[in-house]
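Secondary and tertiary structure notes
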Amino acid sequence: MNVTMITSMDDFLSLRQDWEKIRSDNREENFYYSFDWYESVCRFCAEPYCALFVLLIRDDDRIVAILPCWIIKKKPRFITHNSLEFIGNIYSPCRGGLVLKGKEADVADAAVDFMLSKRKLWDIAYLEGIPSRDPLLLALEQSFEKKPVLTRKVEQYANIIVDVDPGQCADDYWKSRKGKFRHEIRRYLNRLKRDGKARILLTCNPEQPICTAMDHYEDIYRCSWKEAECDPLFHRNLAEYLLSKGKLRLFTLYFKQGESEKSGDGFLPVSEGDAAQCISEGYIPIATAYCVVDGAYAGMLKTAYRQDYDKYSSGTLLNWHVIQWLLDRDKTKVIDFQKEGDAYKYKWGRFQDMHLLLKVASPSSLLAMIETLCEKYLIPAMRRIGWMKTPDFSVIPKSDSSEV
């Protein structure tokens, strides 16, 4: 196989047609393996100290794989080093490359040979966020094992999804949830309606004012229990990009205290309304769900709710209406809760797989090899004898939170 390295952003962005051809041949529907996602990450969050290291792999004259990597300076534990990674950011629920099915072993051998031929450019290959079921992960691991390099593989986080059987609608899904959980949703919905009026607005049309909707998203986020965004402009820029592609689904739950709702015990309607008008009528945004829809796949990128309205469990209420819309209106087959196996997600879906980190120390970097040896052998030994109690730096512990 022939391997070519691409270091220019323009050259990388010119690969869209080849990328989507492989994706189509593989019948890959995950949005995070779409070119739109990689273009968004490169355009909206690439730092000046990132150097592209994109591998284009051909079998004869056909492109069979594109491995979108970059080299970035980082310090995960002891030393600052040049880290070779799959392109992504903190919001990437999964990373990896696009490889034509059946070619993973040959592609991995060719890619590893090429990476090691350029080993002076990087100190550690930090291949994180790869789904355990991805055949490329196993192929890369086996290829590195053939080389005189030091490797380490650890679990990072669980992935929870809502998946439905063919022809299943939201009502079928609702009935499949535990009775106690359905009762909780009804109870919080009735409490919300007793205390005032509520409505859900969906921003998904390019003609809708995305700036106003994102202002409300950010207001909710600031009043939530979540930490401040590390890149506050990323999701605003991404929303505009996704809206232009028809892939954005930004749900906002608005509430007005006072006269009670008289719409009975039914669920709340979802409409494509004007967020500014909603505010002018006295409504307050109290919960948000930022989603992407790409074919039969839907991903819940971000969710948040105002803490001062937590007596209504507004995050849970909005979650149900979002799932209802995605199943019945967008006809999605998979709704991905993405990173972390938080306890509340198991009420909505099931465990799909664990995402892993494969770390490889470059033979050209003595410090990288020492650090990896310490992480692989010394630190686990210290934990076993009680000298160190901190968890592994790469493992995200499961949350006990019961609310979105």
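Residues numbered from 1 in each chain as written. Predicted model: local features only at pLDDT ≥ 70, side-chain atom pairs only at ≥ 80, totals over all residues. Heavy atoms only, no water.

1. Regarding empty space enclosed by the protein
Overall, the coordinates contain two cavities of 30 Å³ or more when judged by the stated rule. As a volume, the largest cavity reaches approximately 40 Å³. Forming the boundary of the largest cavity are L201, T203, Q208, P209, A213, T252, Y254, G273, D274 and A275. Contributing elements (two or more residues each) for the lining of the largest cavity: β10 (196-203) and β11 (248-257). (1 Å grid on protein atoms, 1.4 Å probe; cavity = no way out; pocket = protein on both sides within 12 Å on 5 of 7 lines; lining within 4 Å. Points joined across faces, edges and corners; volume = space filled by probe spheres on them. Helix = DSSP H or I, 4+ residues; strand = E, 2+ residues; numbered from the N terminus.)

2. Quick word on a nonpolar patch on the surface
A cluster of nonpolar side chains, L366, L367 and I370, forms an exposed patch at the surface whose accessible area comes to about 310 Å². Relative to the elements of secondary structure, L366 occurs in helix α12 (residues 366-384). Of the residues examined, L366 reaches a relative accessible area of 59% and is grouped as exposed. (Patch = residues over 30% accessible without salt bridge, like charges linked within 9 Å, V, L, I, M, F, W, Y side chains within 5 Å. Areas by Shrake-Rupley, 256 points an atom, 1.4 Å probe, with all protein chains shown as cover. Salt bridge = Lys/Arg side-chain N within 4 Å of Asp/Glu carboxyl O. Buried < 20%, exposed > 50% of the residue type's maximum accessible area, 1.4 Å probe, protein only.)

3. Let's talk about the sheet that holds β11
In any sheet, the strands associate via hydrogen bonds between backbone groups, in a parallel or an antiparallel arrangement. Here 12 strands make up an open sheet; going across it, the order is β2-β5-β6-β8-β16-β9-β15-β14-β13-β11-β10-β12 and the pairing mixed. The open sheet terminates on both sides in strands that have one partner only, identified here as β2 (51-52) and β12 (270-271). In terms of strand pairing, strand β13 (residues 284-294) meets strand β14 (residues 297-305) through eight bridges, oriented antiparallel. Looking at the pairing, A287 lines up with Y305 of β14. (Pairing = 2+ DSSP bridges.)

Keep in mind that these numbers describe shape and distance, not what the molecule does.
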